[in-house]
Amino acid sequence: MCGECGLPARNLGPVSQSTTTSSRHEPPPDSGGPLGSFLLPEGFARPRLRDVLRETSVVAEAGRYAVETLDERRRRWASSYAARAVQESSDPVILVPGFMAGDATLRGMSRSLRRRGFRTYRSHIHANVGCTLTAAAELETRIESIAIRRDSRVRIVGHSLGGLLARGLAVRRPDLISGIVTMGSPMLAPG
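To start, this report covers the structure provided alongside it.

Glancing now at helix α4 (residues 107-115). All of the buried residues in α4 are Ser110, Ser112 and Leu113. Across the axial projection of α4, the buried residues extend over an arc of 165 degrees, all falling on one side. Lining the buried residues of α4 we find β1 (93-96) and β2 (120-122). Gly117 sits one or two residues past α4 and shows a positive phi near 100 degrees.

Counting across every chain of the model gives 1 cavity of 30 Å³ or more. As a volume, the largest cavity reaches approximately 30 Å³. Asn128, Val129, Gly130, Cys131, Thr132, Ala135, Leu161 and Leu165 are the residues that line the largest cavity. Counting residues per element, the ones that place at least two in the lining of the largest cavity are α5 (132-150) and α6 (161-172). Of the residues belonging to the lining of the largest cavity, the class tally is 5 nonpolar, 3 polar and no charged.

The rules we used
Residues numbered from 1 in each chain as written. Predicted model: local features only at pLDDT ≥ 70, side-chain atom pairs only at ≥ 80, totals over all residues. Heavy atoms only, no water. Buried < 20%, exposed > 50% of the residue type's maximum accessible area, 1.4 Å probe, protein only. Helix = DSSP H or I, 4+ residues; strand = E, 2+ residues; numbered from the N terminus. Arc of directions from axis to C-beta. Contact = heavy atoms within 4.5 Å. 1 Å grid on protein atoms, 1.4 Å probe; cavity = no way out; pocket = protein on both sides within 12 Å on 5 of 7 lines; lining within 4 Å. Points joined across faces, edges and corners; volume = space filled by probe spheres on them. Nonpolar A, V, L, I, M, F, W, Y, C, P; charged D, E, K, R; others polar.

Pasting the structure below:
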C-alpha cells in the first residue's frame, strides 16, 4: 500500500530493455537548446521569429474589439432612446458550441448578434462531449421548442462539432431550420 494515498503500490523498479528495443538506434536528446528532441522531430525546424510574433496579433485583435465595443457604447448613450432601437430579424438564431466547449464560449458572439437585431438562444450544451446522437436529439428538441415559441424557422450558428450537428439537423429537419452558418467545421468529415 502506498502510504500517501492508501492505494496499492505499483512496481516502480528498473525496467530492463529487451533485445529488440536495444538494437534500435535512437537519436540522443537535444541537449544544446531549450526544446527537447521530441518537440523537434526529424525533418521539422523551429518556427521563425516572424511566425511566432504573428501569433501575438490576438492581443491586438482583442484590443481592437474592446475599443470598438466602447466606441459603440458611447454612440448608443449619446443617441436618444428611440434612436437606439434596432430592427429585429425575423428568424431566431441558436448558437451551438464545438467539441469540449459549452454555451459560455459563444457568449461574445451572442452579444454581438443581439446588438445587430438577432434574437439568440443557447443550445443548453454545457460541454459538447459524449454521444453525438444524443446531443443531436436534444438539440433537435430545443430547436423544435424555439420554432414553436417564435412561430418561425430557426437559424443555426455552429462552431466545429456544433457545425456538424447543424448540418445533420438541417438535412434531417428542413421544416425547422432556415439556414446554417458553420465556423471551423470540417466539411469533408465522414460523420
